[in-house]
Amino acid sequence: MKRAVSFLITVYASVPVVLYLFPWILGHAIFAHLLRFPFFVDLGRPEDVVNHTCNFYLGTEEGISVGVWHTLPASQWEKAAGKSPEWYRETLGDGHPVIIYLHGNVGTRAIKHRVELVKVLSTAGYHVLSLDYRGFGDSSGEPSEAGLTSDALYLYQWVKQQSRGSLVCLWGHSLGSGVATNAAAKLQEKGSALDALILEAPYTRIGEVVANHPLAKMYMFLPGFESLLWHVLERNNIEFANDKNLKTLTSPLLILHAEDDNVVPYHMGLKLYQISLQAQKTHNTDARVEMISYTANRGFSHSSIYLDPNLSNVVQGFLQKLRQ
Ligand SMILES: *[C@@H]1O[C@H](CO)[C@@H](O)[C@H](O)[C@H]1NC(C)=O
Ligand SMILES: *[C@@H]1O[C@H](CO)[C@@H](O)[C@H](O)[C@H]1NC(C)=O
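Just so it is clear, the model here is predicted, and its values are computed rather than measured.

A.B. asks: Honestly, the UniProt feature "transmembrane region" (unreviewed entry) in the protein chain in this entry has me stumped. Any pointers?
C.D. replies: The feature "transmembrane region" (unreviewed entry), as annotated in UniProt, sits at residues 7-26 in this numbering. Between the C-alpha atoms that bound residues 7-26 there is a distance of 23 Å. The span itself is 90% helix and 0% strand.

Structure below.
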């Protein structure tokens with residue numbers, strides 16, 4: 001018994017030391033890309049989980065190949081049977097808005113809540129491009145904040161070349177919200193603001209989500225533990241600072257957040273909403289800034305906002321107003 005207790009105490013006490021010595025462990029925990037759920041879906045055969053979808057690969061950087069699914073808007077379904085990747089690419093210029101879906105950590109583009117959301121958006125009339133960032137799914141390379149951001153930017157610019165002026169929207173869920181605002185900030189720096197941004201269950205900064213994790217909370221009373229966490233994140237070059245990005249962004253923004261979110265607390269989405277309203281005043285723009293909150297009794301939590309039967313109306317309402 002005594003031994004067991006001293007073993008547990010040793011394990012507990014060694015965690016901060018291990019994190020300090022091996023900061024990459026925290027990076028791996030944040031991306032969780034090695035957990036390639038769901039294991040039994042062949043990413044080269046999207047038709048096993050979603051119809052009217054073409055799988056292809058983009059070289060986003062020397063030596064990096066990224067897997068993407070392109071799902072057509074519902075109105076194109078009949079025409080799509082047996083068509084080639086080139087045919088799919090051409091359809092991006094058919095006038096329907098395009099949504100680039102940037103998923104959260106863990107697993108691949110085939111996870112159920114991701115596929116179900118893609119189906120909702122396709123039924124609502126949008127092209128949806130869903131990618132696995134470098135290191136995720138069947139994409140090569142290793143994840144990093146800068147790498148994920150450049151994969152998203154590359155896909156956005158690739159779509160822009162095909163889409164003949166159609167509206168292109170970035171949709172970031174959870175970890176992907178930081179990828180989306182990073183990409184939007186880079187585009188704006190270069191003088192071409194993003195058409196539209198939708199953030200689902202976004203955080204203020206990834207470090208605040210880490211600090212909010214039950215495991216981290218076991219250590220928070222230790223003096224210096226929180227600054228150790230921030231230090232380790234910095235050594236991983238991980239910031240994912242939505243709060244900072246939204247202070248400068250002037251793109252139209254829609255935030256979706258459930259009050260019962262058990263991973264990224266609801267108050268973080270609310271804080272971002274307030275930051276964006278403030279930014280709108282500071283930059284004197286009339287860009288739309290909206291937030292939809294889901295009450296806890298609906299049970300959507302962190303990943304199930306796709307279950308809202310009104311979601312397509314909400315998205316159509318938001319995107320249509322931008323076209324006028
Ligand atoms: C694809 O469409 C076929 C024919 O409508 C249907 O039987 C099948 O269940 C669909 N597959 C998926 C994954 O939705
Ligand atoms: C559905 O969404 C639209 C657009 O945001 C909104 O006007 C309407 O009130 C919503 N309906 C319900 C039942 O929530």
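A.B. asks: Where do I start with the environment of G67 in this structure?
C.D. replies: Position of G67 relative to the elements: it lies in strand β2 (residues 64-71). Taking C-alpha positions, G67 is 44 Å from F7, a pair spaced 60 residues apart along the chain. Setting aside anything within four residues of it in sequence, one finds G67 in contact with L43, N55, Y57, L131, D132, G137, D138 and S139.

A.B. asks: Looking at this structure, how should I read helix α11 (residues 266-282)?
C.D. replies: Two residues of an α-helix separated by three or four positions point the same way, owing to the 3.6 residues in each turn. With 17 residues, α11 extends 25 Å between its outermost C-alpha atoms, agreeing within 8% with the 24 Å of an ideal straight helix rising 1.5 Å per residue. Taken together, the buried positions of α11 are M268, G269, L272, Y273 and S276. Axial view of α11: buried residues confined to an arc of 145 degrees, hence all on one face. α11 presents H267, K281 and T282 as exposed residues on the side facing more than 90 degrees away from its buried surface. Those residues of α11 that are buried are in contact with α7 (206-212), α10 (242-248), β7 (253-258) and β8 (289-294). One or two steps after α11, the chain reaches N284, where phi turns positive at roughly 55 degrees.

A.B. asks: Teacher, can you tell me more about the UniProt feature "domain: AB hydrolase-1" (unreviewed entry) in the protein chain here?
C.D. replies: Using the residue numbers shown here, the UniProt feature "domain: AB hydrolase-1" (unreviewed entry) corresponds to residues 97-202. The annotated region residues 97-202 carries 42% helix and 20% strand content, and the separation between its end C-alpha atoms amounts to 23 Å.

A.B. asks: Is there a simple way to explain the sheet that holds strand β4 (residues 127-131) in this structure?
C.D. replies: Hydrogen bonds along the backbone pair up the strands of a sheet, which may run parallel or antiparallel. With mixed pairing, eight strands are arranged side by side in an open sheet as β1-β2-β4-β3-β5-β6-β7-β8. Where the open sheet ends on each side, the last strands, each with one partner, are β1 (53-61) and β8. Across the sheet, the mean angle separating the axes of adjacent strands is 20 degrees when strand polarity is ignored. Strand contacts of helix α4 (residues 112-123): β2, β3 (98-102) and β4, with the helix running at about 160 degrees to β4, the strand carrying the most contacts. Each of β1, β2, β3, β4 and β5 (168-173) touches helix α5 (residues 145-162); the most contacted strand, β1, lies at about 115 degrees to it.

A.B. asks: Got a minute to help me understand the domain arrangement of the protein chain in this structure?
C.D. replies: It is common to report an interface's size as the accessible area lost on association of the parts. Looking at the assigned domains, one finds that the protein chain contains domain 1 (1-31 + 206-238) and domain 2 (38-204 + 239-321). Every element with two or more residues in the side of domain 1 that touches domain 2 is listed here: α2 (24-31) and α7. For the side of domain 1 that touches domain 2, the per-class residue count stands at five nonpolar, two polar and one charged.

A.B. asks: What am I meant to see in the pairing of β1 here?
C.D. replies: Two faces belong to every sheet, and in a regular strand the side chains alternate between them. Relative to β2, β1 runs antiparallel, the two sharing eight bridges. In the sheet register, T53 faces β2, and the bridge partner there is T71.

A.B. asks: Whenever I open this one, the nonpolar core confuses me. Can you help?
C.D. replies: In globular proteins that are soluble, nonpolar side chains generally tend to be buried together. Core analysis: the largest hydrophobic core is formed by 72 residues, its most contacted members being I100, L170 and L197. Looking at this core, the element that brings in the most residues is helix α6 (residues 175-189), giving six residues. Counting contributing residues, this core receives three or more from each of domain 1 (1-31 + 206-238) and domain 2 (38-204 + 239-321). Discounting chain neighbours no more than four positions away, the residues touching L170 are I100, L102, Y156, A180, A183, A184, L194 and L197.

Rules and cut-offs
Here the residue index of a chain counts from 1 through its sequence in written order. Lettering for chains starts from A, numbering for ligands starts from 1, and both go in the order in which the items are written. Two thresholds apply to this predicted model, a pLDDT of at least 70 for residue-level local features and 80 or more for giving and counting side-chain atom pairs, whereas whole-chain, interface and lining totals are computed over all residues. UniProt positions are given in the numbering used here, feature names are shortened, and annotations may be inferred rather than shown by experiment. Helix numbers and strand numbers start at the N terminus; a helix is a DSSP run of H or I with at least 4 residues, a strand a run of E with at least 2. With C-beta atoms placed from the backbone, a contact is any residue pair whose C-beta atoms sit within 7 Å. Take the number of residues in a helix, subtract one, and multiply by 1.5 Å to get its expected span. With C-beta atoms placed from the backbone, the exposure class of a residue follows from how many other C-beta atoms lie within 10 Å of its own: 20 or more, buried; 12 or fewer, exposed; in between, partly exposed. Relevant arc is that of directions from the helix axis to the C-beta atoms, nothing else. We call two strands paired when DSSP finds no fewer than two bridges between them. Here an angle of 0 to 180 degrees is reported between the N-to-C directions of two axes, which are lines fitted to C-alpha atoms, with helices fitted over the stretch in contact. Throughout, the edges of the domains are those of an automatic or database domain assignment. For this classification, Asp, Glu, Lys and Arg are treated as charged, while Ala, Val, Leu, Ile, Met, Phe, Trp, Tyr, Cys and Pro are nonpolar and the rest, including Gly, are polar. Buried Ala, Val, Leu, Ile, Met, Phe, Trp, Tyr and Cys residues whose C-beta atoms connect them within 7 Å together make up a nonpolar core.

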